[in-house]
Amino acid sequence: MPDFSVVIPCHNEEENLRLVYERVCAQLSDFEIIFVDDGSTDGTLPILMALAEEDERVKYLSFTRNFGLDAAFHAGFKYASKKWIVQIDADLQSPPEEIPKLVDKALTGFDIVFARRRDRKDSVIKKLGSRLQHLVAMHLFRIEFPAGASTFRVIRTAVAKKVIARRTAYPYFLAECLRVGVRFAFVEVAHSARNAGRSKFTLLASLRATARLLLGHSLVPLNVFSLVTLVAVLAFLLLPQTVSLPVVLCLISAGLWIQACYIGRLVREGAFHNLYYVRDSNLAIDAEDDLFGLAPPPPVEGSASS
Ligand code: UDP
Ligand code: MG
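### Digging into a nonpolar patch on the surface
1) Next: Taken together, the side chains of L227, L230, V231, L234, L237, L238 and L239 present a nonpolar region at the surface, about 720 Å² in accessible area.
2) Next: Summarising the element assignment, L238 is placed in helix α9 (residues 220-238).
3) Next: On the accessibility criterion, L238 (65% relative accessible area) is exposed.

Encoded structure:
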């Protein structure tokens, strides 16, 4: 059995941490667990520190504020040191007892194995929303997308690091990993209601993620709107009775707004900034991620022991 870095993003998950830790430990033999505390305001960080004191396989990173789930797992992937990554949520909606199924499948020759949730225990809005997002992304925007994939997954660490190293301004792991050409598979797993605490899912966050996916990975909106606007302007000039001025003006405004979104995307790509900053960790943190000088100071010249 190879070795694993289990990446667990957590935002205000104090009631779930010990249980997820125990249940993960019962499934694997050679592993580290990297908990990423995404700006929690409850007792998450002290619990992680206590777990790390008790068990040297436990690593933690604590962000300076809440940067979101994507930032949290990106950090976990970056600092993973084992051959395979297992990503799992802290709330135990995905049972750690299903990890071996994903691992067994991965070891048959895949780079990523995604869990597909059987009888998903989420709200109707959430389930419909993700189905709609997949349909729009794949069929209207022509984005390659592993539909039905969850954030419970096993990933070859070298591949995960390559994907996050792409550092686009609109990172969207599922779309990025298909762009680099990973071999992926699905495994059906059980799904439960959250063990304790509240879901951090919000409609606004999910709309933002969808916009990031669509604008960051497709030029379809730009091309379609440019074409529609051109056709409307030509129709207005050549056959004025077919289209009214207010309609043409609305289409031009919509077209300009979409162009502005893409220009904004270019500006953000140019001025790329960190996805997250780290406040505290028991790992050696890269200087670029480290806001408060956690990185070990450079050796002083001449002080090396002879
Ligand atoms: N999470 C995070 N940062 C956030 C929101 C969520 O690290 O800003 C973590 C959270 O602690 C959990 C996982 O991401 O481990 C999934 O979040 P949640 O269960 O709230 O989302 P849902 O399953 O309801 O979509
Ligand atoms: Mg959840």
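### Some thoughts on the coordination of the magnesium ion (ligand 2)
1) Next: For the magnesium ion (ligand 2), the full set of protein donor atoms is D91 (OD) and Q93 (OE1), at a range of 2.0 to 2.1 Å.
2) Next: The class for D91 is buried, based on a relative accessible area of 4%.
3) Next: Accessibility expressed as a relative area gives 11% for Q93, which makes it buried.

### What to know about the packing of aromatic side chains
1) Next: On inspection of all chains with the given rule, the structure shows nine aromatic pairs.
2) Next: Ring plane angle 10° and centroid distance 4.9 Å describe the contact between F63 and Y276, whose orientation is recorded as stacked. Of this pair, F63 sits in strand β3 (residues 58-63) while Y276 sits in the loop between α10 (245-270) and β8 (278-281), and the two are 213 residues apart along the sequence. Side by side, F63 and Y276 carry an identical accessibility label, which is buried.
3) Next: Where F73 meets F77, the ring centres are 5.3 Å apart and the plane angle is 45°; that geometry is what we call tilted. Here F73 pairs with F77, and both are found in helix α3 (residues 69-79), just four residues apart, close to one helical turn. Across the pair, exposure class does not vary: F73 and F77 are buried alike.

### A word on the pairing of strand β5 (residues 112-117)
1) Next: Pairing analysis gives three bridges linking β5 to strand β6 (residues 153-156), with the strands arranged antiparallel. Looking at the pairing, F114 lines up with R153 of β6.
2) Next: One ladder, built from six bridges, connects β5 with strand β7 (residues 184-189); its direction is parallel. Paired with A115 across the strands is V187, a residue of β7.

### Brief notes about the nonpolar core
1) Next: Ranked by internal contacts, the top residues of the largest apolar core, which has 39 residues, are L61, F63, F77, F173, C177, L213 and Y276.
2) Next: Mapped by element, the contributors of at least two residues to this core are β2 (31-37), β3, α3, β5, α6 (157-164), α7 (173-179) and α8 (203-217).
3) Next: Sorting elements by how many residues they give to this core places α3 first, with six residues.
4) Next: Setting aside chain neighbours within four positions, we find C177 in contact with I112, F114, V163 and V182.

### So, the site of ligand 1
1) Next: In the vicinity of ligand 1 there are 18 residues, among which E13, D38, K126, S199 and K200 approach most closely.
2) Next: Relative to its unbound accessible area of 520 Å², ligand 1 is 89% covered by the protein chains.
3) Next: For the shell around ligand 1, the elements supplying multiple residues, two or more each, are β1 (4-10) and α3.

### Considerations on the side chain of D37
1) Next: As for its position among the elements, D37 is in strand β2.
2) Next: Within the buried core, D37 has no salt-bridge partner, and the shortest N-O distance to an opposite charge, that of R279, equals 7.5 Å.
3) Next: Not counting residues within four places of it along the chain, the set of residues in contact with D37 comprises C10, T44, L45, L48, L61, S62 and F63.

### So, the environment of L207
1) Next: Here L207 is to be found in helix α8.
2) Next: C-alpha of L207 to C-alpha of F141: the two residues are 66 residues apart in sequence and 16 Å apart in space.

### Observations regarding the sheet that holds β6
1) Next: An order of β7-β5-β6-β4-β1-β2-β3-β8 is seen for the eight strands of this open sheet, with the pairing classed as mixed. The open sheet has two edge strands with one neighbour each: β7 and β8. Recorded for the sheet is a direction-independent mean angle of 20° between the axes of neighbouring strands.
2) Next: Sheet topology note: the strand β4 (residues 84-87)/β6 ladder contains four bridges and is antiparallel. When the sheet's bridge partners are listed, I85 is paired in β6 with I155.

### Quick notes on unusual backbone geometry
1) Next: Of note in the backbone geometry, D119 takes a positive phi value of approximately 55° without being a glycine.
2) Next: The phi angle at R142 is positive, at roughly 55°, despite the residue not being glycine.
3) Next: Position of R142 among the secondary structure elements: in the loop between α5 (124-140) and β6.
4) Next: When its relative accessible area of 66% is taken as the criterion, R142 is described as exposed.

Criteria and cut-off values
- Residues numbered from 1 in each chain as written.
- Chains lettered and ligands numbered in written order.
- Predicted model: local features only at pLDDT ≥ 70, side-chain atom pairs only at ≥ 80, totals over all residues.
- Heavy atoms only, no water.
- Patch = residues over 30% accessible without salt bridge, like charges linked within 9 Å, V, L, I, M, F, W, Y side chains within 5 Å.
- Areas by Shrake-Rupley, 256 points an atom, 1.4 Å probe, with all protein chains shown as cover.
- Salt bridge = Lys/Arg side-chain N within 4 Å of Asp/Glu carboxyl O.
- Helix = DSSP H or I, 4+ residues; strand = E, 2+ residues; numbered from the N terminus.
- Buried < 20%, exposed > 50% of the residue type's maximum accessible area, 1.4 Å probe, protein only.
- Donors = N, O, S within 2.8 Å, 3.2 Å for Na, K, Ca; no water.
- Phe/Tyr/Trp six-rings, centres within 6.5 Å; stacked < 30°, edge-to-face > 60°.
- Pairing = 2+ DSSP bridges.
- Core = buried A, V, L, I, M, F, W, Y, C linked by side-chain atoms within 4.5 Å.
- Contact = heavy atoms within 4.5 Å.
- Near = heavy atom within 4 Å.
- Lys, Arg positive; Asp, Glu negative; His and termini not counted.
- Axes fitted to C-alpha atoms, helices over the stretch in contact; angles between N-to-C directions.

Just geometry here; none of it tells us what the structure is for.
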